Amino acid sequence: MAATIIDGKAFAAKVRAQVAEHVQRLKDEHGLVPGLAVVLVGEDPASQVYVRSKGKQTVEVGMNSYEHKLDVATTEAALLSLIQQLNADPKVHGILVQLPLPPHMNSDLVINAIDPAKDVDGFHISNVGLLGTGQKSMVPCTPLGSLMMLRDHLGSLSGLNAVIVGRSNIVGKPMAQLLLGDSCTVTIAHSRTKDLAEVCRRADILVAAVGRPEMIQGDWVKPGATVIDVGINRIARDGKNTLVGDVDFASASAVAGAITPVPGGVGPMTIACLLANTLTATCRAHGLAEPQGLTA
Ligand code: NDP
(Lines give C-alpha, C1' and ligand atoms only; values in the text may rest on other atoms or scores of the structure.)
Protein backbone atom coordinates (compact mmCIF):
# COMPACT_ATOMS: atom_id res chain seq x y z
CA MET A 1 0.00 0.00 0.00
CA ALA A 2 1.27 3.49 -0.81
CA ALA A 3 2.57 5.50 2.13
CA THR A 4 0.72 8.39 3.72
CA ILE A 5 2.39 11.62 2.66
CA ILE A 6 3.19 13.79 5.66
CA ASP A 7 2.39 17.28 4.41
CA GLY A 8 5.00 19.58 5.98
CA LYS A 9 3.71 22.59 4.09
CA ALA A 10 0.21 22.28 5.56
CA PHE A 11 1.60 21.49 9.03
CA ALA A 12 3.91 24.52 8.87
CA ALA A 13 0.93 26.73 7.97
CA LYS A 14 -0.86 25.44 11.09
CA VAL A 15 2.20 26.15 13.27
CA ARG A 16 2.49 29.68 11.82
CA ALA A 17 -1.20 30.31 12.50
CA GLN A 18 -0.75 29.19 16.10
CA VAL A 19 2.31 31.44 16.44
CA ALA A 20 0.45 34.41 14.90
CA GLU A 21 -2.46 33.95 17.31
CA HIS A 22 -0.12 33.90 20.31
CA VAL A 23 1.81 36.93 19.01
CA GLN A 24 -1.48 38.85 18.75
CA ARG A 25 -2.27 37.93 22.37
CA LEU A 26 1.15 39.17 23.50
CA LYS A 27 0.45 42.48 21.77
CA ASP A 28 -3.07 42.83 23.14
CA GLU A 29 -2.38 41.73 26.69
CA HIS A 30 1.22 42.85 27.25
CA GLY A 31 2.04 45.39 24.52
CA LEU A 32 4.86 43.08 23.46
CA VAL A 33 6.10 42.43 19.91
CA PRO A 34 8.57 39.53 19.48
CA GLY A 35 11.61 40.52 17.41
CA LEU A 36 13.90 38.29 15.36
CA ALA A 37 17.29 39.53 14.15
CA VAL A 38 18.85 37.65 11.24
CA VAL A 39 22.47 38.28 10.38
CA LEU A 40 23.83 37.42 6.95
CA VAL A 41 27.51 37.79 6.09
CA GLY A 42 28.33 37.73 2.39
CA GLU A 43 26.22 36.99 -0.65
CA ASP A 44 25.81 33.22 -0.80
CA PRO A 45 22.73 32.89 -3.06
CA ALA A 46 21.09 30.03 -1.10
CA SER A 47 21.59 31.93 2.19
CA GLN A 48 20.07 35.07 0.66
CA VAL A 49 16.96 33.10 -0.32
CA TYR A 50 16.63 31.61 3.19
CA VAL A 51 17.10 34.99 4.87
CA ARG A 52 14.50 36.66 2.64
CA SER A 53 12.02 33.89 3.33
CA LYS A 54 12.66 34.03 7.10
CA GLY A 55 12.18 37.82 7.14
CA LYS A 56 8.93 37.61 5.16
CA GLN A 57 7.42 34.90 7.35
CA THR A 58 8.51 36.69 10.54
CA VAL A 59 6.53 39.77 9.50
CA GLU A 60 3.56 37.66 8.38
CA VAL A 61 3.09 36.23 11.89
CA GLY A 62 3.18 39.75 13.36
CA MET A 63 6.74 39.82 14.67
CA ASN A 64 9.40 42.43 14.02
CA SER A 65 12.16 41.35 11.64
CA TYR A 66 15.59 42.96 11.82
CA GLU A 67 17.90 42.04 8.96
CA HIS A 68 21.62 42.77 9.16
CA LYS A 69 23.44 42.19 5.90
CA LEU A 70 27.21 42.46 6.25
CA ASP A 71 29.84 42.55 3.56
CA VAL A 72 31.78 39.32 3.02
CA ALA A 73 34.96 41.16 4.10
CA THR A 74 33.47 42.09 7.51
CA THR A 75 35.89 41.22 10.30
CA GLU A 76 35.01 38.66 12.94
CA ALA A 77 35.44 41.41 15.57
CA ALA A 78 32.81 43.57 13.82
CA LEU A 79 30.37 40.64 13.70
CA LEU A 80 30.97 39.88 17.40
CA SER A 81 30.33 43.53 18.21
CA LEU A 82 26.99 43.43 16.32
CA ILE A 83 26.03 40.29 18.26
CA GLN A 84 26.79 42.08 21.56
CA GLN A 85 24.51 44.93 20.48
CA LEU A 86 21.71 42.51 19.60
CA ASN A 87 22.21 40.62 22.88
CA ALA A 88 21.67 43.90 24.75
CA ASP A 89 18.70 45.09 22.67
CA PRO A 90 15.39 44.44 24.48
CA LYS A 91 13.44 44.61 21.19
CA VAL A 92 15.37 41.58 19.92
CA HIS A 93 14.22 38.24 21.40
CA GLY A 94 15.82 35.93 18.86
CA ILE A 95 19.14 36.10 17.01
CA LEU A 96 20.07 33.92 14.06
CA VAL A 97 23.41 34.07 12.31
CA GLN A 98 22.98 32.48 8.89
CA LEU A 99 25.51 29.69 8.27
CA PRO A 100 27.87 29.03 6.62
CA LEU A 101 30.04 32.01 7.58
CA PRO A 102 32.99 33.05 5.38
CA PRO A 103 36.16 31.00 5.97
CA HIS A 104 37.95 33.78 7.91
CA MET A 105 35.38 33.50 10.70
CA ASN A 106 35.20 30.93 13.50
CA SER A 107 31.57 29.78 13.48
CA ASP A 108 31.74 28.20 16.96
CA LEU A 109 33.09 31.43 18.46
CA VAL A 110 30.40 33.49 16.73
CA ILE A 111 27.50 31.19 17.68
CA ASN A 112 28.69 30.97 21.28
CA ALA A 113 28.73 34.79 21.48
CA ILE A 114 24.92 34.84 21.12
CA ASP A 115 22.99 35.12 24.38
CA PRO A 116 21.75 31.49 24.85
CA ALA A 117 18.28 32.83 25.74
CA LYS A 118 18.12 34.47 22.27
CA ASP A 119 19.75 31.55 20.42
CA VAL A 120 16.69 30.57 18.38
CA ASP A 121 18.74 28.16 16.24
CA GLY A 122 19.65 26.20 19.39
CA PHE A 123 23.31 25.88 18.37
CA HIS A 124 24.90 27.63 21.39
CA ILE A 125 26.94 25.19 23.45
CA SER A 126 24.72 25.89 26.52
CA ASN A 127 21.59 24.90 24.61
CA VAL A 128 23.34 21.82 23.23
CA GLY A 129 24.22 20.82 26.81
CA LEU A 130 20.73 21.55 28.14
CA LEU A 131 19.13 19.46 25.38
CA GLY A 132 21.62 16.64 25.97
CA THR A 133 20.75 16.54 29.67
CA GLY A 134 16.99 16.71 29.08
CA GLN A 135 16.59 20.26 30.39
CA LYS A 136 14.61 23.17 28.97
CA SER A 137 16.57 24.63 26.06
CA MET A 138 16.21 26.28 22.68
CA VAL A 139 15.86 23.33 20.29
CA PRO A 140 17.37 23.38 16.76
CA CYS A 141 14.60 24.10 14.25
CA THR A 142 14.97 21.25 11.74
CA PRO A 143 14.97 18.44 14.35
CA LEU A 144 12.15 20.20 16.24
CA GLY A 145 10.03 20.36 13.10
CA SER A 146 10.76 16.71 12.37
CA LEU A 147 9.79 15.72 15.93
CA MET A 148 6.51 17.65 15.68
CA MET A 149 5.58 15.79 12.48
CA LEU A 150 6.47 12.43 14.04
CA ARG A 151 4.40 13.12 17.16
CA ASP A 152 1.50 14.35 15.08
CA HIS A 153 1.56 11.27 12.86
CA LEU A 154 2.41 8.55 15.38
CA GLY A 155 1.24 9.88 18.73
CA SER A 156 3.52 8.31 21.35
CA LEU A 157 7.00 7.43 20.07
CA SER A 158 7.86 5.45 23.19
CA GLY A 159 9.73 2.20 22.56
CA LEU A 160 10.02 2.66 18.79
CA ASN A 161 13.32 1.93 17.04
CA ALA A 162 14.63 5.15 15.50
CA VAL A 163 17.54 5.23 13.08
CA ILE A 164 19.04 8.58 12.14
CA VAL A 165 21.41 8.60 9.19
CA GLY A 166 23.78 11.56 9.72
CA ARG A 167 25.56 12.82 12.85
CA SER A 168 25.87 16.57 12.23
CA ASN A 169 25.57 19.01 15.11
CA ILE A 170 22.68 20.82 13.46
CA VAL A 171 20.48 17.85 12.51
CA GLY A 172 21.61 14.30 13.34
CA LYS A 173 22.79 14.70 16.94
CA PRO A 174 19.97 16.96 18.21
CA MET A 175 17.43 14.73 16.43
CA ALA A 176 18.86 11.77 18.34
CA GLN A 177 18.55 13.65 21.65
CA LEU A 178 14.94 14.56 20.94
CA LEU A 179 13.95 11.01 19.99
CA LEU A 180 15.73 9.68 23.07
CA GLY A 181 13.76 12.24 25.09
CA ASP A 182 10.60 10.70 23.63
CA SER A 183 11.82 7.24 24.73
CA CYS A 184 12.78 5.82 21.33
CA THR A 185 15.62 3.33 21.05
CA VAL A 186 18.02 5.41 18.98
CA THR A 187 20.74 4.44 16.52
CA ILE A 188 22.87 7.12 14.85
CA ALA A 189 24.39 5.95 11.56
CA HIS A 190 27.06 7.77 9.53
CA SER A 191 29.56 7.32 6.73
CA ARG A 192 31.48 4.59 8.61
CA THR A 193 28.41 2.55 9.56
CA LYS A 194 28.68 -1.06 8.37
CA ASP A 195 25.79 -2.47 6.34
CA LEU A 196 23.77 0.73 6.46
CA ALA A 197 20.86 -0.81 4.55
CA GLU A 198 20.45 -3.50 7.21
CA VAL A 199 20.63 -0.90 10.02
CA CYS A 200 17.95 1.20 8.28
CA ARG A 201 15.68 -1.83 7.87
CA ARG A 202 15.40 -2.08 11.68
CA ALA A 203 13.89 1.40 11.93
CA ASP A 204 10.28 2.10 12.86
CA ILE A 205 11.32 5.73 12.43
CA LEU A 206 13.96 6.46 9.78
CA VAL A 207 15.41 9.98 9.63
CA ALA A 208 17.69 10.76 6.68
CA ALA A 209 20.03 13.74 7.12
CA VAL A 210 22.91 12.88 4.84
CA GLY A 211 23.12 15.31 1.93
CA ARG A 212 23.32 12.54 -0.72
CA PRO A 213 20.55 12.63 -3.34
CA GLU A 214 18.16 9.66 -3.11
CA MET A 215 20.71 7.47 -1.34
CA ILE A 216 18.19 5.60 0.82
CA GLN A 217 16.35 3.06 -1.30
CA GLY A 218 12.95 1.45 -0.82
CA ASP A 219 14.47 -1.92 0.11
CA TRP A 220 16.30 -0.20 3.03
CA VAL A 221 12.94 0.73 4.55
CA LYS A 222 11.03 -1.52 6.97
CA PRO A 223 7.47 -2.04 5.72
CA GLY A 224 5.18 0.43 7.49
CA ALA A 225 8.03 2.62 8.83
CA THR A 226 7.73 6.39 9.15
CA VAL A 227 10.38 8.12 7.04
CA ILE A 228 11.51 11.70 7.62
CA ASP A 229 13.62 12.99 4.75
CA VAL A 230 15.66 16.02 5.87
CA GLY A 231 17.87 16.12 2.76
CA ILE A 232 17.77 19.02 0.33
CA ASN A 233 19.75 18.25 -2.82
CA ARG A 234 19.67 19.99 -6.17
CA ILE A 235 20.20 17.68 -9.12
CA ALA A 236 19.81 17.94 -12.88
CA ARG A 237 17.00 15.64 -14.08
CA ASP A 238 15.49 15.63 -17.56
CA GLY A 239 17.42 18.81 -18.26
CA LYS A 240 15.83 20.56 -15.26
CA ASN A 241 17.18 21.70 -11.92
CA THR A 242 15.26 19.49 -9.46
CA LEU A 243 15.08 19.35 -5.68
CA VAL A 244 15.31 15.85 -4.17
CA GLY A 245 15.79 14.42 -0.71
CA ASP A 246 18.20 11.84 0.70
CA VAL A 247 15.53 9.17 0.23
CA ASP A 248 14.50 7.69 -3.10
CA PHE A 249 10.88 8.80 -2.78
CA ALA A 250 9.45 6.58 -5.53
CA SER A 251 10.71 3.28 -4.09
CA ALA A 252 10.52 4.24 -0.39
CA SER A 253 6.93 5.47 -0.57
CA ALA A 254 5.85 2.06 -1.86
CA VAL A 255 7.12 0.43 1.36
CA ALA A 256 6.89 3.02 4.14
CA GLY A 257 3.78 3.64 6.21
CA ALA A 258 4.33 7.40 5.99
CA ILE A 259 6.93 9.66 4.43
CA THR A 260 7.78 13.35 4.11
CA PRO A 261 8.22 14.61 0.54
CA VAL A 262 10.99 16.89 -0.74
CA PRO A 263 10.10 19.66 -1.27
CA GLY A 264 7.14 20.22 1.05
CA GLY A 265 8.19 18.14 4.05
CA VAL A 266 10.82 19.11 6.62
CA GLY A 267 11.87 22.34 4.83
CA PRO A 268 8.75 24.43 5.57
CA MET A 269 8.67 23.13 9.15
CA THR A 270 12.18 24.44 9.76
CA ILE A 271 11.20 28.10 9.28
CA ALA A 272 7.91 27.60 11.14
CA CYS A 273 9.93 26.28 14.11
CA LEU A 274 12.25 29.28 13.95
CA LEU A 275 9.19 31.49 14.46
CA ALA A 276 7.95 29.18 17.22
CA ASN A 277 11.36 29.41 18.94
CA THR A 278 11.33 33.21 18.70
CA LEU A 279 7.90 33.24 20.35
CA THR A 280 9.12 30.84 23.05
CA ALA A 281 12.21 33.01 23.67
CA THR A 282 9.99 36.11 23.99
CA CYS A 283 7.68 34.41 26.51
CA ARG A 284 10.63 33.14 28.55
CA ALA A 285 12.34 36.57 28.52
CA HIS A 286 9.20 38.13 30.01
CA GLY A 287 8.31 35.30 32.41
CA LEU A 288 5.09 34.55 30.50
CA ALA A 289 3.46 31.19 29.83
CA GLU A 290 4.98 29.43 26.82
CA PRO A 291 2.83 28.37 23.88
CA GLN A 292 1.69 24.75 24.11
CA GLY A 293 2.91 22.19 21.57
CA LEU A 294 5.52 24.44 19.98
CA THR A 295 8.54 23.27 21.97
CA ALA A 296 10.05 19.84 22.64
P1 NDP B 1 26.44 17.32 7.08
O2 NDP B 1 27.19 17.27 5.81
O3 NDP B 1 26.90 18.19 8.18
O4 NDP B 1 26.35 15.82 7.66
C5 NDP B 1 26.04 14.74 6.83
C6 NDP B 1 26.07 13.48 7.62
O7 NDP B 1 25.79 12.39 6.73
C8 NDP B 1 27.44 13.17 8.25
O9 NDP B 1 27.27 12.73 9.57
C10 NDP B 1 28.00 12.06 7.36
O11 NDP B 1 28.78 11.11 8.06
C12 NDP B 1 26.75 11.38 6.88
N13 NDP B 1 27.01 10.72 5.59
C14 NDP B 1 27.54 11.26 4.48
N15 NDP B 1 27.64 10.33 3.51
C16 NDP B 1 27.15 9.17 4.03
C17 NDP B 1 26.98 7.86 3.52
N18 NDP B 1 27.33 7.53 2.28
N19 NDP B 1 26.44 6.94 4.34
C20 NDP B 1 26.09 7.25 5.60
N21 NDP B 1 26.21 8.48 6.13
C22 NDP B 1 26.74 9.43 5.36
O23 NDP B 1 24.93 17.64 6.67
P24 NDP B 1 23.72 18.30 7.50
O25 NDP B 1 23.36 17.45 8.66
O26 NDP B 1 23.98 19.73 7.69
O27 NDP B 1 22.56 18.19 6.40
C28 NDP B 1 22.12 16.94 5.91
C29 NDP B 1 21.11 17.18 4.82
O30 NDP B 1 20.00 17.88 5.35
C31 NDP B 1 21.61 18.05 3.65
O32 NDP B 1 20.98 17.61 2.46
C33 NDP B 1 21.10 19.44 4.00
O34 NDP B 1 20.90 20.25 2.86
C35 NDP B 1 19.78 19.09 4.64
N36 NDP B 1 19.28 20.09 5.59
C37 NDP B 1 17.97 20.42 5.47
C38 NDP B 1 17.41 21.31 6.33
C39 NDP B 1 15.96 21.62 6.19
O40 NDP B 1 15.52 22.67 6.60
N41 NDP B 1 15.18 20.72 5.61
C42 NDP B 1 18.19 21.99 7.35
C43 NDP B 1 19.55 21.50 7.48
C44 NDP B 1 20.06 20.59 6.58
P45 NDP B 1 30.23 11.45 8.70
O46 NDP B 1 29.94 12.24 9.93
O47 NDP B 1 30.79 10.10 8.99
O48 NDP B 1 30.98 12.21 7.66
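Reference entry: report on the structure contained in this document. (Residues numbered from 1 in each chain as written. Predicted model: local features only at pLDDT ≥ 70, side-chain atom pairs only at ≥ 80, totals over all residues. Heavy atoms only, no water.)

## Thoughts on the pairing of strand 9 (residues 233-237)
Looking along a regular strand, one sees the side chains alternate between the two faces of the sheet. Where strand 9 and strand 10 (residues 240-244) come together, five bridges link them in antiparallel fashion. Residue pairing in the sheet places I235 in a bridge with T242 of strand 10. Between strand 9 and strand 10, which pair antiparallel and follow one another directly, the connecting turn spans two residues, one of which, D238, has a positive phi of 50 degrees. (Pairing = 2+ DSSP bridges. Helix = DSSP H or I, 4+ residues; strand = E, 2+ residues; numbered from the N terminus.)

## Looking at the sheet that holds strand 2 (residues 35-41)
The strand order across the open sheet formed by three strands is 3-2-4, and the pairing between neighbours is parallel. Only two strands of the sheet have a single partner each, and these edge strands are strand 3 (64-70) and strand 4 (94-97). With strand direction ignored, the average angle separating the axes of adjacent strands in the sheet is 15 degrees. Bridge analysis of strand 2 against strand 3 gives seven bridges, and the strand direction is parallel. (Axes fitted to C-alpha atoms, helices over the stretch in contact; angles between N-to-C directions.)

## Thoughts on the pattern of salt bridges
Under the defined criterion, the tally for this structure stands at ten salt bridges. The shortest N-O distance in the salt bridge between K136 and E290 comes to 3.1 Å. Of this pair, K136 sits in the loop between helix 5 (125-132) and helix 6 (141-154) while E290 sits in the segment after helix 10 (266-285), and the two are 154 residues apart along the sequence. The class for K136 is exposed, based on a relative accessible area of 58%. Residue classification places E290 among the buried positions, given a relative accessible area of 19%. Between D182 and R151 there is a salt bridge, with its nearest N and O atoms 2.8 Å apart. Of this pair, D182 sits in the loop between helix 7 (172-181) and strand 6 (185-189) while R151 is found in helix 6, placing the two residues 31 residues apart along the sequence. Exposure remark for D182: the relative accessible area of 19% places this residue in the buried category. Where salt bridges share partners, they join K136, R284 and E290 into one cluster. (Salt bridge = Lys/Arg side-chain N within 4 Å of Asp/Glu carboxyl O. Buried < 20%, exposed > 50% of the residue type's maximum accessible area, 1.4 Å probe, protein only.)

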